[in-house]
Amino acid sequence: MSNSLRIAWKEIKTTLRNRFTFLLMIAFPIAMMTVLGFALSENFSSEPSLDRISIVVQKNVNQDELRTAWDSFEKGMAERGVNWTENLGRAESERGVTQGRYTAYLDVNDKGIRYTSRHSGGIEDNIVEGMLSAFVDRYNLAVAAFQESPELGMRLTNALSAEATPIKESSINPNRSPGSMDYYAMAMSTMIAFYAATTSTHLIQGERARKTDSRLMSSPLTKAQLFVGKVLGATLINTLFVLVVVLFSRFVFHADWGGHYGVVLALLMTEVLLSVSIGLAAGYLFKKDSSTAVMIILTQVVSFLGGAYFPLSQIGGFLGSLTWLSPLRWANHAMIEIIYNDRLTAAIQPITLNLALAALFLFISAVSLKRKEGL
C-alpha cells in the first residue's frame, strides 16, 4: 500500500506542475462561471421583466366604471415597467407598431378593446394578450359585483392594478431556487469533474511517452500497486480542483451550496472517480493519438447534455430523454434537490451509478494492463 501512496503523491505533484492542467481545471471553469452567470442572470429571475413592452393607447371611454378600471390597470402595469403612450391617432399608432416602435396599439372604448400588434406568437405579444385577458375577466367580475354592491365593485376595480399581470410564479419555497450564479457554480463544478476524463488518458500513456515505463516495470513496484496509485492520485488531485472551484464560487460569487457539504462533496468525488476511470479505459481502448480527441469530444457532448452551458431541464421529447445519459445531468439534478429541497436521498442514485460505472471501466483498464507485457 505504501508503494501505491508514493505513486499517488508523485501523480499529484506532477499534475500540479502542469500549467495547462491548472488553466483547464481551475481558470477555465471560473471564467465560464463568471461569463455565463452574469450574462444569463435575467433568465433565472423569478420576476417577469416588462420594461421592453411599449403600448400606444387611444381611449374614448364614457362609462365611469370602465374608465376607473382601465386607469387603475394602466397605472399598475406602468409600475411594473410597461411603457404607455396615449392619443397619437389611429394612423400614427398603427404606423408606429408596424415600424417596431411599439409592441401594440390599443383602442379602448365603451364597446370593448381593439388590439393591433405587428406580429403574433412572440413573447411580448403573448404577454400583452395575457394582460388584456386578465383585465377583461376581472372587469367583467367587477361589473357583476357593482350590480350587487358598489363597495365590493370598487374593491375589485382597485384590485386590477395589483393583480393585472398574468405572469405568476409560485413554489412551495419560493426563496429556495437557484439564481444564475448558483446554477453555473454547480454546472461548472460537475463539468470540470468530468473533464478529469481528458487528463486521465495520460495516466499510463504518459509513462510510455516519457520512456519511464520500463524503469517502473523493473522496480519492485507491481502493476496492481501502480494501477491503484495512479487512480488514487488522479482522483484526489481532480477532486481538489473541483473543490477550489466550489470554494471560489461560494466565497467570491456567494453561490448557494446549501448546508449538506458532505453529501455534495461525496457526489462530486464519485463523479471524478467515474471520469478518471473513463479516461484510463480510453487510454487502452483507443490509440495514443486518438484517445485524447475522443475524450475531448465526449466531454463536450456530456457537458452539453448535462446542462453545463444552459439548463435543459425543461426540454422534453427525445432530447429531454437523451440528457439523462449524461452523468452531469444526474449530478446537477441531485444537487438541486439536495441544496434547495433538502432531499439527501437524491444523491443515492447518481452516487450508485457513478461507482458502478467506475468499477466497470476500472475493470476494463485492469484487464488490459494485466494482458500487456509492459504498461
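The rules behind each value
Residues numbered from 1 in each chain as written. Predicted model: local features only at pLDDT ≥ 70, side-chain atom pairs only at ≥ 80, totals over all residues. Heavy atoms only, no water. Salt bridge = Lys/Arg side-chain N within 4 Å of Asp/Glu carboxyl O. Helix = DSSP H or I, 4+ residues; strand = E, 2+ residues; numbered from the N terminus. Buried < 20%, exposed > 50% of the residue type's maximum accessible area, 1.4 Å probe, protein only. Expected span 1.5 Å × (residues − 1). Pairing = 2+ DSSP bridges. Axes fitted to C-alpha atoms, helices over the stretch in contact; angles between N-to-C directions. Polar contact = N/O pair within 3.5 Å; in protein donor to acceptor, adjacent residues only side chain to side chain. Lys, Arg positive; Asp, Glu negative; His and termini not counted. Contact = heavy atoms within 4.5 Å.

Draft legend 1. Fine view of the pattern of salt bridges. On inspection of all chains with the given rule, the structure shows 5 salt bridges. Where K230 meets E11, a salt bridge forms, and the shortest distance between an N and an O atom there is 2.9 Å. Taken together, the residues span a long stretch of sequence, with K230 in helix α11 (residues 223-251) and E11 in helix α1 (residues 2-16) at a distance of 219 residues. In this structure, R343 engages E337 in a salt bridge whose closest nitrogen and oxygen atoms are separated by 3.0 Å. Residue R343 is classed as partly exposed on the basis of its relative accessible area, which comes to 40%.

Draft legend 2. Representation of helix α12 (residues 261-285). In this model, α12 (25 residues) spans 36 Å end to end at C-alpha, consistent with the 36 Å of a helix rising 1.5 Å per residue. The element α12 is largely enclosed, with a buried count of 18 among its 25 residues.

Draft legend 3. Expanded view of the sheet that holds strand β1 (residues 54-60). The 4 strands lie next to each other as β2-β1-β3-β4, forming an open sheet whose pairing is mixed. Looking at which strands have only one partner, the edges of the open sheet turn out to be β2 (83-86) and β4 (112-117). Across the sheet, the axes of successive neighbouring strands diverge by a mean angle of 25°, strand direction being ignored. Direction of pairing for strand β3 (residues 104-109) relative to β4: antiparallel, over a ladder of 6 bridges. Directly across from A104, in β4, lies its bridge partner S117.

Draft legend 4. Highlighting the side chain of N238. Summarising the element assignment, N238 is placed in helix α11. The exposure class of N238 is buried, given its relative accessible area of 4%. Side-chain polar atoms of N238 contact the backbone oxygen of A234, separated by 2.7 Å.

Draft legend 5. Structural context of the environment of G100. Along the chain, G100 falls in the loop between α4 (90-98) and β3. Note: C-alpha distance between G100 and S117 (17 residues apart in sequence) is 9.5 Å.

Draft legend 6. Local environment of unusual backbone geometry. For H254, which is not glycine, the phi torsion reads 55° and is therefore positive. The residue H254 is located in the loop between α11 and α12 in this model.

Draft legend 7. Up close: the side chain of D107. The residue D107 is located in strand β3 in this model. In this structure D107 is buried but unpaired, with R114 as the nearest side chain of opposite charge at 5.5 Å. When residues no more than four places from it in sequence are discounted, the contact partners of D107 are Q58, G112, I113 and R114.

Draft legend 8. Highlighting the pairing of β1. Strand direction decides the pairing type here: β1 and β2, joined by 4 bridges, are parallel. For V56, the partnering residue across the bridge sits in β2 and is T85. Taken together, the 6 bridges between β1 and β3 define a ladder with parallel strand orientation. Note on β3: the bridge partner recorded for V56 is Y105.

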